[in-house]
Amino acid sequence: MTDPKWWKESVIYQIYPKSFCDSNGDGIGDIPGIISKLDYLKELGVDGIWVCPMYPSPGYDNGYDISDYEDIDPIFGTMEDFDRLISEVHARNMKLIIDLVLNHTSSAHPWFQESRASLESGKRNYYIWRKGNPDGSPPNNWGALFGGSAWTLEEKGGEYYLNLFSAPQPDLNWRNPALRQELYAIIRRWLERGVDGFRMDVISLIAKPEDFEDGPTGRSGFHDPRARAAANPQVHEYIREMRREAFEGHNIVTVGEASATSLEEAKIFSNPDGSELNMVFQFEHMDLDGGETFKWTDQTIPIPALKQVMTKWQLGLHNQGWNGLFWNNHDQPRMVSRLGDEGELRERSAKMLATCLHLLQGTPFVYQGEELGMTSMDFTDISQLRDSESINAYNRYVSSGEISHADMMRYISMKSRDSGRTPMQWNDSAYGGFTTGTPWMPVNPNYVSINAAEQENRQNSVFSFYKELIALRKKHKVIVYGGYEPYCIEHPEVFSYFRKSEAETLLVCCNFSSKAVLFPVPEEFGNAVQILGNVEDSHYLSEGILASFEAVILKRNGG
Ligand code: GLC
Ligand code: CA
């Protein structure tokens, strides 16, 4: 049995604060809004919350461009509000995890202002500066994730700075020990305030390879440098140092966003010896519906590939690391729209997806609204979008004539981050009860039928199902600590696996198809008991039939 830890036994709820709950009618979610919903989260049964960045920020990337690591942006409230959030979360016996963005700051951060001011600035080396080529072009062909070159020319001094995401998000220079010490001190001060852990934004990318060599380019004309940054061994030196200098001695959880990370690297990041981080988010399963034009296609995730990828990470990290499990987050469209059904079988498919994820090994994360089966948004006009990633992509592909307006809006509805960021749907009053003012981005009009108030006390709702799943995890330790073994891995539509410990064996079968399928019942499960399912009268045990989007969890008789 793997080493018991509170964060392995937990389910964490992710809050995107801007879209969660607005307490003062300015159309933007805030800390008092979060506090007002803590009882709702307690009712759901989650053990902790991770809140996306609430630091002061110009908001180019909705808070992932920080201009002050040690304060709260007034749009969200005050530091007093934050302290109250900590104590209200703790009073409910839950944990509070905050987001730390240490790969880059905002270009409005005073460090960057000082760094860009002159070549001799004391903070020059807090960021990564290089001379351009003799013809004036950028130092290499690396591209920024949100479009364009990864290098931005600063007129003053005539050098380029590196920005892996966008020009308003300059990358910090982790080679500089003084910078690293500043960051560790910031972490220590948040720990003193009482936070219980950190979700570490694109932490895999902090150590840039020294050579800054060109790489192969795709259709964008740029090279995507993330994989090489993520494979630079120096990242592990920095994280180990950070653990020693900042995390040591605290019973916290550290979750690394392992962007572009291989399984081998992830094993080092989440090594059970505790030398680096506790767990990783990997993205291989999220990238299965991408293509030549990045995510801007109508390709869907192929189920066989999804099964292969998930199985690889389940087997690969068993006893050798730890998975953070997710289908949704603020960077993804809604999974129920992506792999489930938006129509009549929406609730059933949402429950199936939940079952499939929560029964895997790892710590499950529930993204706000997922527990209601909230769907992606049908965007028809660029004025409805807020995310610079979608807006930049729209401008790039539509103005070049590569993709038509109609197709691009369809891709954006299917794949964009905006689709996952529409405000939380609390009830059927105006704007889903999210705000009494005008919401900062459109609310999905389906709030009239899909909302928390309608689901909280309905026994067969998606919300009630999540409650059951979360409770199940507390009852059956095999879900947390047991081994994973795929079952019928070659089946094209059913994702099925065993979870095994000495005491218990479970079988999980999830039908990802909108049609009923025949699926063999393993012999030793002939007289098994069903411990949870999403279809009222299941024909699986009796006839080996799984209904459309059916999920069942069976427990083998006699352990
Ligand atoms: C992470 C965040 C994303 C952000 C990016 C740059 O991927 O989750 O929202 O845009 O890092 O900070
Ligand atoms: Ca507000």
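Above this text you will find the structure in question.
Residues numbered from 1 in each chain as written. Chains lettered and ligands numbered in written order. Predicted model: local features only at pLDDT ≥ 70, side-chain atom pairs only at ≥ 80, totals over all residues. Heavy atoms only, no water.

## A word on the side chain of S19
Part 1: With respect to the helices, strands and loops of the structure, S19 is situated in the loop between β1 (12-15) and α1 (31-36).
Part 2: Note on S19: relative accessible area 0%, which makes it buried.
Part 3: Leave out the neighbours within four places in its chain, and S19 touches Q368, R421, T422, P423, M424, F434 and W440. (Helix = DSSP H or I, 4+ residues; strand = E, 2+ residues; numbered from the N terminus. Buried < 20%, exposed > 50% of the residue type's maximum accessible area, 1.4 Å probe, protein only. Contact = heavy atoms within 4.5 Å.)

## A closer look at the sheet that holds strand β5 (residues 151-153)
Part 1: Here we have three strands laid out as an open sheet, ordered β4-β6-β5, and antiparallel in their pairing. Looking at strand neighbours, the two that pair on one side only are β4 (129-130) and β5, the edges of this open sheet.
Part 2: Bridge count between β4 and strand β6 (residues 160-162): two bridges; the pairing is antiparallel. For R130, the partnering residue across the bridge sits in β6 and is Y160. (Pairing = 2+ DSSP bridges.)

## Description of the coordination of the calcium ion (ligand 2)
Part 1: The protein atoms that coordinate the calcium ion (ligand 2) are D22 (OD), N24 (OD1), D26 (OD), I28 (O) and D30 (OD), at distances of 2.2 to 2.3 Å.
Part 2: Of note, the donors binding the calcium ion (ligand 2) are all from one chain and are spaced D-x1-N-x1-D-x1-I-x1-D. We note that D22, like I28, is buried. (Donors = N, O, S within 2.8 Å, 3.2 Å for Na, K, Ca; no water.)

## Overview of helix α3 (residues 79-91)
Part 1: Helix length check: α3, at 13 residues, gives a terminal C-alpha distance of 18 Å against a target of 18 Å (1.5 Å per residue), a fit within 8%.
Part 2: Listed as buried for α3 are M79, D81, F82, L85, I86 and V89. Down the axis of α3, the buried set is contained in an arc of 155°. They therefore lie on one face. Turned more than 90 degrees away from the buried face of α3 sit E80 and A91, all of them exposed.
Part 3: Taken together, the buried residues of α3 touch α1, α2 (38-44), β2 (48-51), β3 (95-100) and α5 (177-193).
Part 4: Here α3 starts with a cap whose side-chain oxygen sits 3.3 Å from the backbone nitrogen of E80, and that cap is T78.
Part 5: Just downstream of α3, N93 is the residue with a positive phi angle, here 65°. (Expected span 1.5 Å × (residues − 1). Arc of directions from axis to C-beta. Polar contact = N/O pair within 3.5 Å; in protein donor to acceptor, adjacent residues only side chain to side chain.)

## Concerning the packing of α5 against helix α7 (residues 234-247)
Part 1: Relative orientation of the contacting elements α5 and α7 amounts to 45°, with a least axis distance of 9 Å. Considering the angle they form, α5 stands oblique to α7. Here α5 runs over α7; the crossing is right-handed. Residue-level contacts link R180, Q181, Y184, I187, R188 and L191 of α5 to Y238, E241, M242, E245, A246 and F247 of α7. (Axes fitted to C-alpha atoms, helices over the stretch in contact; angles between N-to-C directions. Parallel < 35°, antiparallel > 145°, perpendicular 65-115°, else oblique. Left-handed = near helix turned anticlockwise from the far one by under 90°.)

## Describing helix α12 (residues 388-399)
Part 1: When the terminal C-alpha atoms of α12 are compared, their 16 Å separation across 12 residues agrees well with the 16 Å that a helix rising 1.5 Å per residue should span.
Part 2: Where α12 is concerned, the buried positions are S388, E389, S390, A393, Y394 and Y397.
Part 3: Of the residues that open α12, the one with a side-chain oxygen 3.1 Å from the backbone nitrogen of E389 is D387.
Part 4: Within two residues after α12, G401 carries a phi angle of roughly 80°, on the positive side.

## Here we look at the packing of aromatic side chains
Part 1: One pass over the structure, following the stated rule, counts 32 aromatic pairs.
Part 2: With centroids separated by 5.4 Å and ring planes inclined at 75°, the aromatic side chains of W111 and Y126 adopt a geometry described as edge-to-face. Residue W111 is found in helix α4 (residues 110-117), and its partner Y126 is found in the loop between α4 and β4; the two are separated by 15 residues along the sequence.
Part 3: Residue classification places W111 among the buried residues on the basis of a relative accessible area of 9%.
Part 4: We classify Y126 as buried; its relative accessible area is 6%.
Part 5: With a centroid separation of 5.4 Å and 40° between ring planes, the pair formed by W142 and F212 is classed as tilted. (Phe/Tyr/Trp six-rings, centres within 6.5 Å; stacked < 30°, edge-to-face > 60°.)

## Describing the sheet that holds strand β18 (residues 551-555)
Part 1: Taken in spatial order, the five strands make up an open sheet running β12-β13-β14-β18-β16, and their pairing is antiparallel. In the strand order of this sheet, the two ends are held by β12 (483-487) and β16 (529-533), each with one partner. Averaged over neighbouring strand pairs, the angle between their axes works out to 25° when direction is ignored.
Part 2: Here β12 pairs with strand β13 (residues 494-500) via five bridges, running antiparallel.

## Here's the deal with the packing of helix α11 (residues 346-358) against helix α15 (residues 462-475)
Part 1: The interhelical angle for the contact between α11 and α15, taken along N-to-C directions, is 15°, at an axis separation of 10 Å. Judged by the inter-axis angle, α11 sits roughly parallel to α15. At the point where α11 passes α15, the crossing takes the right-handed sense. Between α11 and α15, the residues in contact are E347, A350, K351, A354, T355 and H358 and V462, F465, Y466, L469, I470 and R473, respectively.
Part 2: Residue composition of the contact of α11 with α15, by class: seven nonpolar, two polar and three charged. (Nonpolar A, V, L, I, M, F, W, Y, C, P; charged D, E, K, R; others polar.)

## Some thoughts on the pairing of strand β8 (residues 253-257)
Part 1: The element β8 is extensively covered by neighbouring structure, given that five of its five residues are classed as buried.
Part 2: Residues V253, V255 and E257 point to one face of β8 and T254 and G256 to the other, with burial holding for every one of them.
Part 3: Pairing between strand β7 (residues 197-200) and β8: four bridges, direction parallel. Directly across from G197, in β8, lies its bridge partner V253.

## Section: the nonpolar core
Part 1: The biggest cluster of nonpolar side chains holds 149 residues, and the ones touching the most others in it are Y13, F82, F198 and F512.
Part 2: Beyond its immediate stretch of four places on either side in the chain, F198 contacts I97, I98, L100, I187, W190, L191, F247, I252, V253, T254 and V255. (Core = buried A, V, L, I, M, F, W, Y, C linked by side-chain atoms within 4.5 Å.)

## Section: the layout of surface pockets
Part 1: Approximately 390 Å³ is the volume attributed to the second largest pocket.
Part 2: If you go around the second largest pocket, you meet 25 residues; those closest to its centre are K5, W7, G274, L277 and N278.
Part 3: Within the residue set of the lining of the second largest pocket, elements represented by two or more residues are α7 and β8.
Part 4: Class assignment for the residues of the lining of the second largest pocket results in seven nonpolar, 11 polar and seven charged. (1 Å grid on protein atoms, 1.4 Å probe; cavity = no way out; pocket = protein on both sides within 12 Å on 5 of 7 lines; lining within 4 Å. Points joined across faces, edges and corners; volume = space filled by probe spheres on them.)

## Some details on unusual backbone geometry
Part 1: One non-glycine residue, N93, lies in positive phi territory at about 65°.
Part 2: Looking at the element boundaries, N93 is found in the loop between α3 and β3.
Part 3: Residue Y431 is not a glycine yet carries a positive backbone phi of 55°.
Part 4: Mapped onto the elements, Y431 comes out in the loop between α13 (405-415) and α14 (452-456).

## Points about empty space enclosed by the protein
Part 1: On inspection of all chains with the given rule, the structure shows four cavities of 30 Å³ or more.
Part 2: By volume, the largest cavity amounts to about 80 Å³.
Part 3: Mapped by element, the contributors of at least two residues to the lining of the largest cavity are α10 (335-338) and α11.
Part 4: Top contributing element to the lining of the largest cavity by residue count: α11, with three residues.
Part 5: Per-class residue counts for the lining of the largest cavity are eight nonpolar, two polar and two charged.

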